[in-house]
Amino acid sequence: MTKVQAKAALDAMIEAVGDSLKDGKKVALIGFGTFDVVKKDARQGINPRTKETITIPAKKVVKFKAGAELANKVN
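On a predicted model such as this, the values are computed, not experimentally measured, just so you know.

Participant: Is there a simple way to explain unusual backbone geometry in this structure?
Facilitator: Apart from glycine, the bulk of residues carry a negative phi angle, and the bulk of peptide bonds sit in the trans form. Of note, Lys 51 is a non-glycine position whose phi angle comes to about 65 degrees, a positive value. Inspection of the secondary structure puts Lys 51 in the loop between strand E3 (43-46) and strand E4 (53-56).

Participant: What am I meant to see in the packing of aromatic side chains here?
Facilitator: What describes a pair of aromatic rings is the distance from one ring centre to the other and the angle between the planes of the rings. Summed over the entire model, instances satisfying the criterion amount to 2 aromatic pairs. Consider the rings of Phe 32 and Phe 64, whose centres lie 5.4 Å apart with planes at 50 degrees: the pair is tilted. Remark: Phe 64 occurs in strand E5 (residues 59-66) and Phe 32 occurs in the loop between strand E1 (27-29) and strand E2 (33-40); sequence separation between them is 32 residues. With a centroid separation of 4.8 Å and 45 degrees between ring planes, the pair formed by Phe 35 and Phe 64 is classed as tilted. Remark: Phe 64 occurs in strand E5 and Phe 35 occurs in strand E2; sequence separation between them is 29 residues.

Participant: Is there a simple way to explain the pairing of E2 in this structure?
Facilitator: Look at any regular strand and the pattern is simple: side chains alternate between the two faces of the sheet. Summarising the sheet, E1 and E2 pair through 3 bridges and their orientation is antiparallel. Note that in E2 the partner of Ala 28 across the bridge is Thr 34. Alignment of E2 against E5, held across 8 bridges, turns out to be antiparallel. Bridging from a neighbouring strand, Gly 33 pairs with Ala 66 of E5.

Participant: Teacher, can you tell me more about helix H1 (residues 3-22) here?
Facilitator: Within an α-helix, residues lying three or four positions from one another point in the same direction, as the helix has 3.6 residues per turn. For H1, which comprises 20 residues, the first-to-last C-alpha distance of 28 Å matches the rise-based estimate of 28 Å (1.5 Å per residue) to within 8%. Of the residues one or two after H1, Gly 24 is the one with positive phi, at around 85 degrees.

Participant: Explanation requested: the pattern of salt bridges in the structure shown.
Facilitator: Pairing between side chains of opposite charge can happen when the charged atoms of each approach one another. Considering all chains together, one arrives at 1 salt bridge under this definition. Between Asp 11 and Lys 7 there is a salt bridge; the shortest N-O distance is 2.8 Å. Here Lys 7 and Asp 11 lie together in helix H1, a separation of 4 residues that amounts to about one turn. The class of Asp 11 is partly exposed, set by a relative accessible area of 37%.

Participant: Is there a simple way to explain the pairing of E4 in this structure?
Facilitator: Alignment of E3 against E4, held across 4 bridges, turns out to be antiparallel. Bridged to Arg 43 within E4 is Ile 56. What sits between E3 and E4 in their antiparallel hairpin is a turn of 6 residues, with Lys 51 showing a positive phi close to 65 degrees.

What counts and how
Residues numbered from 1 in each chain as written. Predicted model: local features only at pLDDT ≥ 70, side-chain atom pairs only at ≥ 80, totals over all residues. Heavy atoms only, no water. Helix = DSSP H or I, 4+ residues; strand = E, 2+ residues; numbered from the N terminus. Phe/Tyr/Trp six-rings, centres within 6.5 Å; stacked < 30°, edge-to-face > 60°. Pairing = 2+ DSSP bridges. Expected span 1.5 Å × (residues − 1). Salt bridge = Lys/Arg side-chain N within 4 Å of Asp/Glu carboxyl O. Buried < 20%, exposed > 50% of the residue type's maximum accessible area, 1.4 Å probe, protein only.

Here it is in structure tokens:
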């Protein structure tokens, strides 16, 4: 596989995973891991430069949990 083909394949996978996550679906790649969207509530934080209290808005973040095969390769 050439670099151009590899980039095209990776871009297609990222697009497909992103679309599924955007639709609220969980994506599981057997042996690799699971991607899911988690809602983070708004919370209070501190600006480290000015030390003033700020409100951090609510947002959605992507969470990844490594599968058993991937985790075993690392350990």
